[in-house]
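Residue-level listing of the chains:
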Amino acid sequence: TKTFHNILQNMISKYEEERITDIINKYDYNDEWINCLVRLPKITNILDLIIDNINTNYLDEILTSIAKYGNLDTLEYFQNKFPNFLDKNDLAELIENSLYNRDNKIIKNILDFYKPINNLRLQYKFLSIKSNQENKIKKLKLISKYVDINLHFNSLINTIFLSNNDKGNIEVKKWIMKK
């Protein structure tokens, strides 16, 4: 994706804005292309050029992509352009996807948007991937501020102890056992 971002930046610097707009207007925007684009950092200036051509039927897929891989400025950009952008039928899925993101600001933004959150069933699948234990604990602490994780403690235990093939996560396991 870095290469793609560099190509776009290079294209923007070499051509006049009218020329870029002509190229963009002729391009067929499919959801895969947009989903890759929104994962890139500092992409809002390019999104400004194409936002009017984005098919709003793709907004759910774009939201999933931003939640899982994007950054906060892109999420806020779409929230400003499309006021109902975060209105999603499956809140648990949206939050689960955002827990995979390295940037904790994404999950915080989504949780703040939906608070108060009641009876949310999370499966905590993000705990089963290899990643920084401190970041996993930060995410669990953040979730516990918005959702009572004790209500669905079995799901948390199942993910971290039973279905987790990772022999690590000792600090995460300690944190969960303290709860």
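These remarks concern the structure in this document. On a predicted model such as this, the values are computed, not experimentally measured, just so you know.

For the protein chain, the count of helices and strands is 11 helices and zero strands. When the helices and strands of the protein chain are read in sequence order from the N terminus, they spell out α-α-α-α-α-α-α-α-α-α-α. Relative to its 179 residues, the protein chain shows a buried fraction of 42%. Considering only contacts in the protein chain between residues 6 or more positions apart, those separated by 24 or more positions represent 72%. Carbon and sulfur atoms make up 46% of the accessible area of the protein chain, which totals about 10600 Å².

Over its 14 residues, helix H9 (residues 133–146) extends 21 Å from the first C-alpha to the last, a length consistent with the 20 Å expected when each residue adds 1.5 Å. Listed as buried for H9 are Asn135, Lys136, Ile137, Lys139, Leu140, Leu142, Ile143 and Tyr146. Residues of H9 that are buried sit in contact with helix H7 (91–99), helix H8 (104–114), helix H10 (153–162) and helix H11 (170–178). Where H9 begins, the side chain of Asn132 points an oxygen toward the backbone nitrogen of Glu134, at a separation of 2.7 Å.

Where a protein is soluble and globular, its nonpolar side chains tend to be buried together. Phe78 and Ile95 are the most contacted members of the largest nonpolar core, which totals 51 residues. Residue contacts for Ile95: discarding those within four places in its chain leaves Ile107, Ile110, Leu111, Ile117, Leu120 and Leu122.

Let us now look at a nonpolar patch on the surface. A surface patch of nonpolar side chains, about 330 Å² in accessible area, is lined by Phe161, Leu162 and Met177. Looking at where Met177 falls in the secondary structure, it is placed in helix H11. In this structure Met177 comes out as exposed when scored by relative accessible area, which is 55%.

It is worth spelling out the packing of helix H6 (residues 72–81) against H8 at this point. Running from N to C, H6 and H8 point in directions that differ by 30 degrees, and their axes come no closer than 9 Å. The angle between H6 and H8 places the two elements in the roughly parallel class. For H6 against H8, the interelement crossing comes out right-handed. Across from Leu72, Leu75, Glu76 and Gln79 in H6, the residues of H8 making contact are Lys105, Ile106, Asn109, Ile110 and Phe113. Looking at side-chain class alone, the contact of H6 with H8 contains five nonpolar, two polar and two charged residues.

One can find Glu96 in helix H7. Lys125 is the oppositely charged side chain nearest to the buried, salt-bridge-free Glu96, at an N-O distance of 6.6 Å. Beyond its immediate stretch of four places on either side in the chain, Glu96 contacts Leu122, Gln123, Tyr124 and Lys125.

Right, let's talk about the packing of helix H5 (residues 59–69) against H7 for a bit. Running from N to C, H5 and H7 point in directions that differ by 40 degrees, and their axes come no closer than 6 Å. Here H5 is positioned oblique relative to H7, judged by the angle of their axes. You can see that H5 and H7 cross each other, and the crossing is right-handed. For the pair H5 and H7, the contacting residues are Leu63, Thr64, Ala67 and Lys68 in the first and Leu94, Asn97 and Ser98 in the second.

Another aspect to go through is the pattern of salt bridges. Inspection of every chain in the model, using the stated rule, returns two salt bridges. Taking the shortest distance from any N to any O, the salt bridge between Asp112 and Lys108 comes out at 3.2 Å. Of this pair, Asp112 and Lys108 both sit in helix H8, four residues apart, which is roughly one turn of the helix.

Thresholds applied
- Residues numbered from 1 in each chain as written.
- Predicted model: local features only at pLDDT ≥ 70, side-chain atom pairs only at ≥ 80, totals over all residues.
- Heavy atoms only, no water.
- Helix = DSSP H or I, 4+ residues; strand = E, 2+ residues; numbered from the N terminus.
- Buried < 20%, exposed > 50% of the residue type's maximum accessible area, 1.4 Å probe, protein only.
- Contact = heavy atoms within 4.5 Å.
- Areas by Shrake-Rupley, 256 points an atom, 1.4 Å probe, with all protein chains shown as cover.
- Expected span 1.5 Å × (residues − 1).
- Polar contact = N/O pair within 3.5 Å; in protein donor to acceptor, adjacent residues only side chain to side chain.
- Core = buried A, V, L, I, M, F, W, Y, C linked by side-chain atoms within 4.5 Å.
- Patch = residues over 30% accessible without salt bridge, like charges linked within 9 Å, V, L, I, M, F, W, Y side chains within 5 Å.
- Salt bridge = Lys/Arg side-chain N within 4 Å of Asp/Glu carboxyl O.
- Axes fitted to C-alpha atoms, helices over the stretch in contact; angles between N-to-C directions.
- Parallel < 35°, antiparallel > 145°, perpendicular 65-115°, else oblique.
- Left-handed = near helix turned anticlockwise from the far one by under 90°.
- Nonpolar A, V, L, I, M, F, W, Y, C, P; charged D, E, K, R; others polar.
- Lys, Arg positive; Asp, Glu negative; His and termini not counted.

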